[in-house]
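One letter stands for each residue in the lines below.
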Amino acid sequence: QVQLVESGGGLVQPGGSLRLSCVASGSIFSISFMGWYRQAPGKERELVAHITSGGSTNYADLAKGRFTISRDNAKNTVYLQMNSLKPEDTAVYYCKAVGRTYGNFEVWGQGTLVTIST
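Residues numbered from 1 in each chain as written. Predicted model: local features only at pLDDT ≥ 70, side-chain atom pairs only at ≥ 80, totals over all residues. Heavy atoms only, no water.

Scanning the protein from terminus to terminus reveals 0 helices and 11 strands. In the protein, the order of α-helices and β-strands from amino to carboxyl end is β-β-β-β-β-β-β-β-β-β-β. Against the globule reference of 13 Å for 118 residues, the protein gives a C-alpha radius of gyration of 14 Å, in line with a compact fold. Taking the principal axes of the C-alpha coordinates as reference, the protein spans close to 45 × 25 × 20 Å. Out of the 118 residues belonging to the protein, those deemed buried represent 43%. Counting contacts in the protein only where the partners sit at least 6 residues apart, residues at least 24 apart contribute 55% of the total. In the form shown here, the protein has an accessible surface area of approximately 6100 Å², with 47% of it arising from carbon and sulfur atoms. Counting 11 positive and 8 negative side-chain charges, the protein places the averaged centre of each group 5 Å from the other. (Helix = DSSP H or I, 4+ residues; strand = E, 2+ residues; numbered from the N terminus. Rg over C-alpha atoms; globule rule 2.2 N^0.38 Å. Buried < 20%, exposed > 50% of the residue type's maximum accessible area, 1.4 Å probe, protein only. Contact = heavy atoms within 4.5 Å. Areas by Shrake-Rupley, 256 points an atom, 1.4 Å probe, with all protein chains shown as cover. Lys, Arg positive; Asp, Glu negative; His and termini not counted. Charge placed at Lys NZ, Arg CZ, Asp CG, Glu CD.)

Right, dumping it as structure tokens:
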């Protein structure tokens, strides 16, 4: 069974920065895709950014120029560096991973809350 654990959320003032981490554990053969999504109160979950095992990245417009996704394949970890945070970035941020164990897997983390407020 593959599990994801996110960390790094918290309360930050507008203009501040946060770095989220997500670690995958379990019997993992490979992870082809890791991504960050977010869900604000009353809104649908949306893509923030994702990264492949080869390092190819894709960013939603909301993240371009402010957020950077990266991963450490050896540690099965993905990061999200968030700069110039705005109140509208307030949401629960979820990590997602797709890969292979004894079969294929697609799992979500439990989420980490990011609050941008004075």
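Structure's up, so let's keep going.
In terms of nonpolar packing, the biggest core is built from 30 residues, with Trp36, Leu80, Met82 and Tyr93 touching the most fellow members. Among the elements of the structure, β3 (18–25), β4 (30–39), β5 (46–52), β7 (67–72), β8 (77–82), β9 (91–100), β10 (104–108) and β11 (112–116) are those that each provide at least two residues to this core. In this view, Tyr93 contacts Glu6, Leu20, Trp36, Tyr37, Arg38, Val48, Phe67, Leu80, Met82, Gly111, Thr112 and Val114; residues no more than four positions away in its chain are not counted. (Core = buried A, V, L, I, M, F, W, Y, C linked by side-chain atoms within 4.5 Å.)

This next bit is on the sheet that holds β7. Pairing between the strands of a sheet comes from backbone hydrogen bonds, and it takes one of two forms, parallel or antiparallel. The sheet built from 4 strands is open, its strands ordered β1-β3-β8-β7 with antiparallel pairing. The sheet terminates laterally at β1 (3–7) and β7, the two strands that pair on one side only. In this sheet, adjacent strand axes meet at a mean angle of 15 degrees when their direction is disregarded. (Pairing = 2+ DSSP bridges. Axes fitted to C-alpha atoms, helices over the stretch in contact; angles between N-to-C directions.)

Per the stated rule, a full pass over the model turns up 5 salt bridges. For Lys64, the salt bridge goes to Asp61, with nearest N and O atoms at 3.2 Å. Owing to a relative accessible area of 51%, Lys64 belongs among the exposed residues under this scheme. (Salt bridge = Lys/Arg side-chain N within 4 Å of Asp/Glu carboxyl O.)

Moving on, we come to the environment of Val12. Tracing the sequence through the fold places Val12 in strand β2 (residues 10–12). Linking Val12 and Gln110, residues 98 residues apart in sequence, is a C-alpha distance of 20 Å. Sequence-distant contacts of Val12, that is, excluding residues within four places in its chain, are made with Ser17, Leu18, Leu85, Thr115, Ile116 and Ser117.

Moving on: the packing of aromatic side chains. All chains considered together, the criterion is met by 2 aromatic pairs. With 5.0 Å between their ring centres and 75 degrees between their planes, Phe29 and Tyr102 make a pair best called edge-to-face. You can see Phe29 sitting in the loop between β3 and β4 and its partner Tyr102 sitting in the loop between β9 and β10, a full 73 residues away along the chain. The lysine or arginine in question, Arg45, covers the ring of Trp108, its NZ or CZ lying 4.6 Å from the ring centre. (Phe/Tyr/Trp six-rings, centres within 6.5 Å; stacked < 30°, edge-to-face > 60°. Lys NZ or Arg CZ within 6 Å of the ring centre and 35° of its normal.)

Scope: geometric values only; no functional claims are made or implied.
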